[in-house]
Amino acid sequence: MAGGAVNRAHHRLGVTEAAGTGNGPGRGLRSGLMSEHEHHHYAFETLAIHAGQEADPQTGAVVTPIYQVSTYKQDGVGGLRGGYEYSRSANPTRTALEENLAALDGGRRGLAFASGLAAEDTLLRTVTKPGDHIVIPNDAYGGTFRLFSKVLSRWGVEWSVANTHDPESVRAAVRPNTKVIWTETPSNPLLGIADISALAHISHDTGALLVVDNTFASPYLQQPLALGADVVVYSTTKYMGGHSDVVGGALVTDDAALGEELAYHQNAMGAVAGPFDSWLVMRGIKTLGVRMDRHSSNAARIAEFLTGHPKISQVLYPGLPEHPGHEVAAKQMRAFGGMVSFRHRDGEEAAVQVCNRAELFTLGESLGGVESLIEHPGRMTHASAAGSALEVPSDLVRLSVGIESVDDLLADLQRALG
Ligand SMILES: *Cc1c(COP(=O)(O)O)cnc(C)c1O
């Protein structure tokens, strides 16, 4: 499952091309140094720490500095040093992150944005126009659904809902004007599993792009491009950042032409990741593998505990053999991740009470940090899906299982469940 090679230097896009100055491919500050790795193929954990992360050529600083700067001195008009002219177009800290993101997913191009939704918006407004149609999942992040249903719909982009966990339902939903098949796997908050390879066949038969929101799995657990997806979307706010201290998003594609178009729109629309935020995400990514291993093993223990609990009617975790997507998840994921949802036997108020009573599990939105979080999706993260095909059960509780001692986490849940 390990990601692609560091062999990116010849795929690197000219940062100045994205800015539209026509100076040709940027020779980034690190591009010469990248070549020392060009012919090596490293495993994921190595790429996470080294891809795009060359020591600073001037000082030898081992960690990419935070280039907290908006503009760059030119040596004569158009004489850019390293291809940088203005930080919306390109910034060295962001470039380092973007090269890292591309390497981790085995794609030719990675792009970093101010948030996951900014990445999604840039993608959708790059690949669709009024009159086009998108197939969306019946289980997705509430903010993604809001972007389709409240924002893009006003610009004349049509959407319809399919059960992306059933490939035939997706095939039936595709129309002649379908440009995008969107899926999230595992999905938020119901932990549904979509078969990425099966959806890739449908998208390639029909000419639509397959977009996979890989936020829950991270590239360590799942490699959508290798399974046939066209674009991978992240909220780097979650596992990639991993410490609940940054909001960010990313797109990765292996299609160089699409990557160029996305980079053009990233600059033209402007929702870029800032230097400090880029640095925080890079810092998080260095430990992604070890964190995901612990998130996954803690979550597996918790799912097992919840399965035997009398107050719980259903546990949603793809690692459980009874989960309907278990076999597909086992085929396409390295482990099953740190997200667990469950339904309370006594209904909505009882579910809310569990959230209120938990102590070590912090009551809050978001996910993917080292600390455990608990929330009630119906009233919190997914309130915007109320009354729609994406409405979530009111007795549902979602856990983002952190990397604390699992015994302490189990004791907290035991107490909160009463
Ligand atoms: C959080 C989240 C998003 C949105 O990302 P932001 O960084 O909050 O804009 C998209 N998809 C999934 C699965 C998420 O969990």
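Residues numbered from 1 in each chain as written. Predicted model: local features only at pLDDT ≥ 70, side-chain atom pairs only at ≥ 80, totals over all residues. Heavy atoms only, no water.

Some remarks on the sheet that holds strand E2 (residues 133-137)
Next, step 1: Spatially, the 7 strands line up as an open sheet ordered E1-E7-E6-E5-E4-E2-E3, and their pairing is mixed. Each edge of the sheet is formed by a strand with only one pairing partner; in this case those strands are strand E1 (109-113) and strand E3 (158-162). Going from strand to strand, the sheet's axes swing by 20° on average, the running direction of each strand aside.
Next, step 2: Taken together, the 5 bridges between strand E4 (residues 178-184) and strand E5 (residues 209-213) define a ladder with parallel strand orientation. Bridge assignment links Glu184 to a residue of E5, and that residue is Asp213.
Next, step 3: Running over the sheet, helix H4 (residues 92-105) touches E1, strand E6 (231-235) and strand E7 (249-253) and is turned about 130° from E1.
Next, step 4: This element, helix H8 (residues 196-206), spans E4 and E5 of the sheet and lies at about 150° to E5. (Pairing = 2+ DSSP bridges. Helix = DSSP H or I, 4+ residues; strand = E, 2+ residues; numbered from the N terminus. Axes fitted to C-alpha atoms, helices over the stretch in contact; angles between N-to-C directions. Contact = heavy atoms within 4.5 Å.)

Quick look at the site of the ligand
Next, step 1: The ligand sits among 15 residues. The nearest are Gly116, Asp213, Ser235, Thr237 and Lys238.
Next, step 2: The separation between an oxygen atom of the ligand and a polar main-chain atom of Gly116 is 2.9 Å.
Next, step 3: Between Ser235 and the ligand, the recorded distance is 2.8 Å, taken from a side-chain N or O atom to an oxygen atom.
Next, step 4: The fraction of the free accessible surface of the ligand (380 Å²) that becomes covered by protein chains is 93%. (Near = heavy atom within 4 Å. Polar contact = N/O pair within 3.5 Å; in protein donor to acceptor, adjacent residues only side chain to side chain. Areas by Shrake-Rupley, 256 points an atom, 1.4 Å probe, with all protein chains shown as cover.)

Section: the side chain of Gln266
Next, step 1: Note that Gln266 resides in helix H10 (residues 256-269).
Next, step 2: On the basis of relative accessible area, Gln266 is assigned to the buried category, the value being 3%.
Next, step 3: Within the structure, the side chain of Gln266 is placed 3.0 Å from the side chain of Glu98, a separation counted as a polar contact.
Next, step 4: Excluding residues within four positions of it along the chain, Gln266 makes contact with Arg94, Glu98, Leu111, Ala112, Phe113, Thr122, Ala271 and Val272. (Buried < 20%, exposed > 50% of the residue type's maximum accessible area, 1.4 Å probe, protein only.)

Focus: the pairing of E2
Next, step 1: Within E2, 5 of the 5 residues are buried, leaving the element largely enclosed by the surrounding structure.
Next, step 2: What you see with E2 is no split at all: His133, Val135 and Pro137 on one side and Ile134 and Ile136 on the other are buried throughout.
Next, step 3: At this point the chain moves from E2, through helix H6 (residues 142-151), to the parallel E3, and the crossover so formed is right-handed.
Next, step 4: Pairing of E2 with E4 involves 3 bridges; the strand directions are parallel. If you follow Val135 over to E4, its bridge partner there is Ile181. (Right-handed = clockwise from strand over helix to strand, strands pointing away.)

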